[in-house]
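# Structure at a glance
Each chain, written out:
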Amino acid sequence: MGTASPEHIRSIPKVELHVHVEGAATPSTLASLAKKNDVHLPVQDPADLYVYEGLEDFISVYDIICRCLVAAEDFERVAYESLELAHKAGVRYREMFFSPTFALRRGVSFATLWSGLLAGLDAAQKDFGIQCRFIMDVDKPSGPGPARELIELALKYDRDYLIGIGGDAGEAGIDLSAFVDPFDFARKNGFKTTMHLSEEGPVSDIEVGVRQIGIDRVDHGFNLLDDMDLTQEVAERQIPVTVCPTSNVEIGLLEEMSAHPAPTMRRHGVLVSINSDNAEMFRIDLADEFARVQDAFGYGLDDLEDLSLAAVESSWLDETSKNEMNDQFIAQFLELRSNMGQPARDFGV
Ligand SMILES: [Zn+2]
């Protein structure tokens, strides 16, 4: 199977569904925002902050980044810059998480952060043609009550660009079934729902998410294959799983990316997409992640194109938009193949 050059991979049109705006702040932006907002960074070189010993350690670094985001213009800057970097990685459409709990705890208002994020999105869409929608994460360790309050709060603001509710942060010791109520409430109000499940937790967390909470998508789902009945159900119902291999290696779930379960999930028919999770915090963008996946999984260009189309299918675009994007991507794949001297491929259209 033919493999793709780094240049070819970067040009493949892509959709990204699992990336956190706060984690996409570059070290230089972080240093500048820390100075502006009088936040002490515990390292000389801000790049040294982006090294982790586990999920808990990672979340503590995440909290430091969030402390550097205070004014609307700070949120605007990280949203804009992250979309600029995504554009350079070939991303055409992104559904991006933001986690207001960290900011609200420190007294930043929802109005401030939301207006900043929208301004960043609007400017990036105009400058780069990239499209983006937001998913608001509720903080699982804070519990279902604060999750519902946060969703109620978000309902008071502009909904055009807020399409979904997610659930991030740690899983250990959390009764996930308690989130049935806030996630039901979210769906009744027109939101799609997703949740970080089995990043550090067992496969039973995915079962609760899929069978009790009724989420539309699974983020990470790292241990899904531990339950083959559930794997079959997730595959048959085509519940998308957004995997983030570099993130899983960085946080210490596995040592080598080649041991990642994504290829086996795909062989079982699971709708898998590849994502950067916290691009800058892991010193990658989505094009880098595609290149790593090609090397680690022994994939070829066909697989990378299929993963890109799987992300279109996994998105929360309406069916018409999905079909249009699917067709556009295939036309661009063929054009790229021609430009890069790769053989044409029959996509069955
Ligand atoms: Zn994530």
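Our structure is the block above this text.
The following paragraphs examine the structure supplied in this document. Keep in mind it's a predicted model, so treat the numbers as computed, not measured.

### Quick notes on the overall build of the protein
A tally of helices and strands in the protein yields 15 helices and 8 strands. For a compact globule of 349 residues, the expected C-alpha radius of gyration is about 20 Å, and the protein comes in at 19 Å, within 12% of that figure. Burial analysis of the protein (349 residues in total) assigns 56% to the buried set. A fraction of 74% describes how many contacts in the protein between residues 6 or more apart in sequence connect residues 24 or more apart. When the accessible area of the protein is evaluated, it comes to approximately 13700 Å², of which 46% is carbon and sulfur surface.

### Brief notes about the nonpolar core
Most often, soluble globular proteins keep nonpolar side chains buried together rather than apart. Of all hydrophobic cores here, the largest spans 111 residues; its most connected members are Y50, F98, L117 and M136. Sorting elements by how many residues they give to this core places helix α6 (residues 110-128) first, with 8 residues. Once residues lying within four places of it in the same chain are set aside, the contact partners of M136 are F98, P100, F110, L150, I151, A154, L162, G164, I165 and G166.

### Remarks on the coordination of the zinc ion
Coordination of the zinc ion by the protein involves H18 (NE2), H20 (NE2), H196 (NE2) and D277 (OD), with metal-donor separations of 2.1 to 2.2 Å. Taken together, the 4 donor atoms coordinating the zinc ion and their angles of 84 to 175 degrees define a geometry best described as irregular.

### A few points about the state of the cysteines
Note on terminology: disulfide describes a covalent bond linking the sulfur atoms of two cysteines. Per the counting criterion, the structure on display carries 0 disulfides. The thiol of C68 is unpaired, and the distance to the nearest cysteine sulfur, on C66, comes to 8.9 Å. Overall, C68 belongs to the buried group, its relative accessible area being 0%.

### Considerations on the pattern of salt bridges
Counting across every chain of the model gives 25 salt bridges. As a salt-bridge pair, E207 and R211 come within 3.0 Å of each other at their nearest N and O atoms. With E207 and R211 both in helix α9 (residues 203-213) and 4 residues apart, the pair spans about one turn of that helix. Accessibility expressed as a relative area gives 29% for E207, which makes it partly exposed. A single network of salt bridges, built from pairs that share partners, joins D302, E305, D306, R337 and R345.

Conventions and cut-offs
- Position numbers for residues start from 1 in each chain and track the written sequence from start to end.
- Totals for whole chains, interfaces and linings use every residue, but because this is a predicted model, local features are given only for residues with pLDDT of at least 70 and side-chain atom pairs only at 80 or more, for both listing and counting.
- In computing side-chain values, all of the structure's heavy atoms are included and hydrogens and water are not.
- Note on conventions: DSSP H or I runs of at least 4 residues are helices, E runs of at least 2 residues are strands, and numbering of each starts at the N terminus.
- Throughout, radius of gyration means the C-alpha value; the globule benchmark is 2.2 Å times the number of residues raised to the power 0.38.
- Remark: exposure states derive from per-residue accessible area (1.4 Å probe, protein chains only) relative to the maximum for the residue type, with buried under 20%, exposed over 50%, and partly exposed in between.
- The contact criterion used throughout is that any non-hydrogen atoms of two residues lie within 4.5 Å.
- All accessible-area figures derive from a Shrake-Rupley calculation using a 1.4 Å probe, and residue coverage is judged against the displayed protein chains alone.
- We define a nonpolar core as any set of buried Ala, Val, Leu, Ile, Met, Phe, Trp, Tyr and Cys residues linked to one another through side-chain atoms lying within 4.5 Å.
- Coordination here is defined by N, O and S atoms within 2.8 Å of the metal (3.2 Å for Na, K and Ca), and since water is not considered, a site can look incomplete.
- Under this scheme a four-donor centre is tetrahedral when all angles range from 85 to 135 degrees, a four-donor centre is square planar and a six-donor centre octahedral when opposite donors are above 155 degrees with the rest from 65 to 115, and any other centre is irregular.
- Cysteine sulfur atoms that pair up within 2.5 Å are treated as a disulfide.
- For this analysis, a salt bridge means a side-chain nitrogen from Lys or Arg found within 4 Å of a carboxyl oxygen belonging to Asp or Glu.

Keep in mind these values describe shape, not function.
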